[in-house]
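# Per-entry structural report
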Amino acid sequence: MNPKPWGDTAVVGKPVSRIDAYERLSGAAIYSLDVLLPDMLHAAILRCPHAHAIVKKVDASAALAMPGVRAVLTDADQEARIPWHPDAQGKPVSRLFDPHCRCEGEEVAAVAAETPQQAADALRRIRVEYETRPFVIEMEAAHRAGATQVHDGGNYVYPPGTGDTERGDVAKGFAEADVVLEETYRTSCEIHTTMEVHGSVAKWDGKRLTVWNTTQGVFDDQAALAAALKMPLSDVRVIGHYMGGGFGSKLNLGKYTVIAALFARKTGRPVKLFLSREETFLSVGNRPAHTMKLKAGVRKDGTLTALELNGIGTVGAYTDWTTVGYQVADLYLCPNVRVKELQVYTHAGQSRPFRAPGFPQCSWALEQMMDALAEKIGMDPVEFRLKNIAAVSQAEENKPYTSTGFAECLREGARVFGWRQARERKKGDGAWVRGAGMAGGMWGYAGGPPSTAIVRLYADGSVNLNIGASDLGTGTKTVMAMVVAEELGVPLDRIQIESADTATTQYTGASGGSKTVMVDSPAVRAAALEVKAALVQMAAGQLQAAASGLSLVNGEIVSADSPDKRVKVQDLKTLKEQQVVVGVGRRGPNPAGKVIRPFAAQFAEVEVNTRTGEMRVLRMAAAHDSGRVMNRLTYENQVFGGMTMGIGLAMTEQRILDRETGKMVNANWHDYKIPTMKDAPADMTCVAIDPHDHECDTTSTKGLGEPAMVPTAAAVANAFYHATGVRMTSAPITPAEAIAALSKRRKG
Ligand code: MOS
């Protein structure tokens, strides 16, 4: 039976600093990148410098003779012939060091040496004979007839038409519209650029493997490693106590982890293998570029009559997630919808999930289209969206949402932003003009079981909390400790946490999909409640009172009927005898027949220089329905971080591939521009819309990490339009793109 939803809370919802903030900031926290083991070797990877090449020969003899070099791995080593990169049907199409290199940065060989410098030097002495091949890096080119093939089966990831969806009668919908608009929108390929680079430390003890990994999910890595090395799960231990950002790029096992494990086995020494910053730009994934042709019909009264999306995406050389259409099919009420998506292979780095995969791209198109439709019918953009709020999930067989605060996000966001005033403000006269824009959004996935958590309360009243989840830096550990503090009344500094270690913590899925809080906090709550129930039972015996009349208040168990009957937790005789109470909590199922979704609306005011094309985001406001706010501080951190990332999508970030060579020309943090403090407005606010959703899970939470960046870029683009009257359909809106568009309009 589910516990009663929380009413007023003492700890949950308050702004609480991360409980490991001191460790993280002082350098005391041991990230996987910091792990140093006695006798450890350092490994490095030789990568293909070509967009498309066949490795004809690898000669590592000179490298092996270099000082400090202890081992080399290539495709010639039988143990390294591990299948990699499944296609859309799940069949591996490559190997760890596959001689067919389908993009720049593919792994060709690796070296383990006494020092990182010796490993790097040795890489330069490996002689590789490449046969370069023609390549295709642009997705439009990749799906033309006769295009250079990335894989033997051609360039389609799956046959065209697969996964297309349609409801209602789209042609009829367009016929019934007063206004029909059609536009093609583009977003660029973005790199995750996590603060901590990717890598692992591997160590063998007999047949048992231990890996310190920077990962979003230790149990997923354990399973993938066990499969790759053909080992039982029980012999593989993955530890990820601290990690410095993933954004989706650390959801899947990396080749670097397997290579470190192979070297460690081969040499009998622990091996550390971390990528350089430059390597991470090439080889750990990206948010793929997308081209979205969107057609929309609307009646004068603001009723949407039809939506049609034709999307082309590229996964790069190997498949992963790239669909974008969900919000077109779900966010706004519309009876007639068609979504067609085409995925092609190109000779470029592989896509990976990246913070709300597909959703910011879709918003870029859909929310700019909504803005344009609103203008055409002379309706305020917020009012127009409010006319089209859905109570059911149209993309999921019209099942009702457990809750939707979308309308309130729009209303409250507009209020705190000062939407009306901002829209009516004088735009400016000189070179700088101002404008305000907004966008709505949602996230299309919800987590569920399995997740297990253990709470151990000791005789002195202190607590160990045991969770399998990785804390990506978002404050997961803090939120989970707050749940324990809420239920048991134990102060946060009396709670010690074990997390993200497959050998010592309990199973849960990876921290991704904005589902960590909604999956793991109910398990933690259940564990804490089990401890509480055990304490009450002990007190009932000791006080000679019925357990049903007892409750735990401020570290004391008190009888409601006779308040003189009370006992401190530390004075419970049974607790003293057994020394510890253990509560095991499990995540229950999601409600049947319903859909759990978070919603958002974001607002931006920008300033554009019509002579130079520069844009400044002056301020932003966000309103999010992610269910209950667990920690007001980390909640805001997520929203402000998400909006900053969204500004990057809108204004600065793009992987640039050279047409002549197919190589990435900005594979570094200098030329690939992520927003800095100077690009993000100091004036960011966020309001939390809590729909008191007691159906989604037992902590009433829905997930925030990804929705935080879904509408941002579109809101900025809409503000640019409001300021200038020029619609920027391609992201990022760089000064060069902006000035080109502005001068084109000036000329006529
Ligand atoms: Mo997220 S893209 O599931 O880390």
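Values in this document were obtained by computation on a predicted structure and should not be read as measured data.

### Side note on the sheet that holds strand S16 (residues 304–316)
Read across the sheet, five strands follow the order S9-S17-S16-S15-S10 without closing on themselves; strand pairing throughout is mixed. Every other strand in the sheet has two partners, leaving strand S9 (165–167) and strand S10 (179–187) as the edge strands with one partner each. Strand after strand, the sheet turns through a mean of 10 degrees between neighbouring axes, direction not considered. Inspection of the sheet shows S10 paired to strand S15 (residues 290–298) by nine bridges, in the antiparallel sense. By the bridge assignment, arginine 186 is partnered in S15 with threonine 291. Across the sheet, helix H10 (residues 359–376) is in contact with S10, S15 and S16; its angle to S10 comes to roughly 150 degrees.

### Some points on the nonpolar core
Grouped together as the largest cluster of nonpolar side chains are 94 residues, with contacts concentrated most on Leu373 and Phe603. Per element, the largest residue contribution to this core is ten residues, and it comes from H10. With near-sequence residues (within four places) excluded, phenylalanine 603 lies in contact with Val382, Cys409, Leu410, Gly413, Ala414, Phe417, Trp419, Gly437, Met438, Arg619, Met620 and Ala621. In this structure, Val463, Val479, Leu550 and Val567 belong to the second largest nonpolar core, which totals 42 residues.

### What to know about the domain arrangement of the chain
By a frequent convention, interface size equals the accessible area lost on bringing the separate parts together. Partitioning the chain into structural domains gives domain 1 (21–29 + 447–586), domain 2 (32–133 + 199–274) and domain 3 (286–394 + 403–446 + 593–747). A straight line from the C-alpha centre of domain 1 to that of domain 2 covers 39 Å. Across the contact, 22 residues belong to domain 1 and 20 residues belong to domain 2. Interface of domain 1 and domain 2: buried area, both sides summed, is about 1,600 Å²; carbon and sulfur atoms make up 52% of it. Looking only at domain 1, the three residues that lose the most surface to domain 2 are Leu472, Thr502 and Ala510, adding up to 33% of its buried area. Taken together, the connections running from domain 1 to domain 2 amount to one salt bridge. The residue aspartate 501 makes a salt bridge to arginine 237 at a minimum N-O spacing of 2.6 Å.

### Quick look at unusual backbone geometry
Note that the residue after proline 449, namely proline 450, is joined by a cis bond; omega there is 5 degrees. Structurally, proline 450 is set in the loop between strand S20 (432–442) and strand S21 (452–458). Of note, the amide linkage connecting alanine 731 to proline 732 takes the cis form, showing an omega dihedral of 0 degrees. Position of proline 732 among the secondary structure elements: in the loop between helix H18 (712–724) and helix H19 (735–747).

### Here's the deal with the side chain of histidine 192
Assignment of secondary structure puts histidine 192 in the loop between S10 and strand S11 (199–205). You can call histidine 192 buried: its relative accessible area is 2%. Apart from residues no more than four positions distant in its own chain, histidine 192 is found in contact with Gly246, Phe247, Gly248, Ser249, Val284, Gly285, Asn286, Arg352, Pro353, Phe354 and Met645.

### Here we look at the packing of aromatic side chains
Here the structure, examined in full by the defined rule, presents 14 aromatic pairs. With centroids separated by 5.1 Å and ring planes inclined at 80 degrees, the aromatic side chains of tyrosine 401 and phenylalanine 599 adopt a geometry described as edge-to-face. Of the two residues, tyrosine 401 sits in the loop between strand S19 (399–400) and helix H12 (406–417) while phenylalanine 599 sits in strand S28 (residues 599–609), which places them 198 residues apart along the sequence. Side by side, tyrosine 401 and phenylalanine 599 carry an identical accessibility label, which is buried. Cluster of aromatic residues (ring-pair linked, three or more members): Tyr326, Phe359, Trp443 and Tyr445.

### Description of the state of the cysteines
Structurally, a disulfide amounts to a covalent bond that connects the sulfur atoms of two cysteines. Enumeration according to the criterion identifies zero disulfides in this entry. The thiol of cysteine 334 is not disulfide-bonded; the next cysteine sulfur, from cysteine 362, is found 13 Å away. Residue class for cysteine 334 comes out buried when judged on its relative accessible area of 2%. What makes cysteine 362 buried here is its relative accessible area of 1%.

### Examining the sheet that holds strand S6 (residues 100–101)
Paired through backbone hydrogen bonds, the strands of a sheet run either parallel or antiparallel to each other. As summarised here, the arrangement of the three strands in space is S6-S2-S8, forming an open sheet in which the pairing is antiparallel. Where the open sheet ends on each side, the last strands, each with one partner, are S6 and strand S8 (127–132). Bridge count for strand S2 (residues 53–59) against S6 is two bridges, and the pairing is antiparallel. Counted as the bridge partner of isoleucine 54 is histidine 100 from S6.

The rules behind the values
Residues numbered from 1 in each chain as written. Predicted model: local features only at pLDDT ≥ 70, side-chain atom pairs only at ≥ 80, totals over all residues. Heavy atoms only, no water. Pairing = 2+ DSSP bridges. Helix = DSSP H or I, 4+ residues; strand = E, 2+ residues; numbered from the N terminus. Axes fitted to C-alpha atoms, helices over the stretch in contact; angles between N-to-C directions. Contact = heavy atoms within 4.5 Å. Core = buried A, V, L, I, M, F, W, Y, C linked by side-chain atoms within 4.5 Å. Buried < 20%, exposed > 50% of the residue type's maximum accessible area, 1.4 Å probe, protein only. Domains from an automatic or database assignment. Buried area = accessible area lost by both parts, 1.4 Å probe. Salt bridge = Lys/Arg side-chain N within 4 Å of Asp/Glu carboxyl O. Phe/Tyr/Trp six-rings, centres within 6.5 Å; stacked < 30°, edge-to-face > 60°. Disulfide = S-S within 2.5 Å.

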